[in-house]
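Residue-level structural notes
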Amino acid sequence: MKLILVDYYLDWPVSIKLENLRGFIIANLEKKGDLIRWSIVDIQNSIDSFGTKKLRIKAVLAN
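Bear in mind that the values here come from a model prediction, so they are computed numbers and not experimental data. (Residues numbered from 1 in each chain as written. Predicted model: local features only at pLDDT ≥ 70, side-chain atom pairs only at ≥ 80, totals over all residues. Heavy atoms only, no water.)

Regarding the sheet that holds strand S3 (residues 53-62)
Strand order in this open sheet of three strands is S1-S3-S2, and the pairing throughout is antiparallel. Single-partner strands in this sheet number two, and they are strand S1 (3-12) and strand S2 (34-45). On average, each strand axis in the sheet is inclined to that of its neighbour by 20 degrees, with strand direction left out of account. Pairing of S2 with S3, which is carried by 10 bridges, proceeds in the antiparallel orientation. Of the residues in S3, the one forming a bridge with Asp 34 is Ala 62. (Pairing = 2+ DSSP bridges. Helix = DSSP H or I, 4+ residues; strand = E, 2+ residues; numbered from the N terminus. Axes fitted to C-alpha atoms, helices over the stretch in contact; angles between N-to-C directions.)

Notes on the pattern of salt bridges
Scanning the entire structure with this criterion turns up two salt bridges. We note a salt bridge from Asp 7 to Arg 56, for which the minimum N-O separation is 2.9 Å. Of this pair, Asp 7 sits in strand S1 while Arg 56 sits in strand S3; the two residues are 49 residues apart in sequence, bridging distant segments of the chain. Judged by relative accessible area, which is 39%, Asp 7 ranks as partly exposed. Between Lys 54 and Asp 11 there is a salt bridge, with the nearest N and O atoms lying 2.8 Å from each other. In this pair, Lys 54 is assigned in strand S3 and Asp 11 in strand S1, connecting sequence segments 43 residues apart. Judged by its relative accessible area of 34%, Lys 54 is partly exposed. (Salt bridge = Lys/Arg side-chain N within 4 Å of Asp/Glu carboxyl O. Buried < 20%, exposed > 50% of the residue type's maximum accessible area, 1.4 Å probe, protein only.)

Here it is, written out as structure tokens:
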């Protein structure tokens, strides 16, 4: 098994409520490999008018 450290940026749309954010993040990370652990490192407001936020996530994946 090979472990990979990923520094991942993900747009957080306004349509995703805070209660559903964990599932949204996990679903996106699992597309890249088997998820071991993850954490949100930074949240930035976007400059567009849609109100999306950009999440910076560090994760450990197994392949």
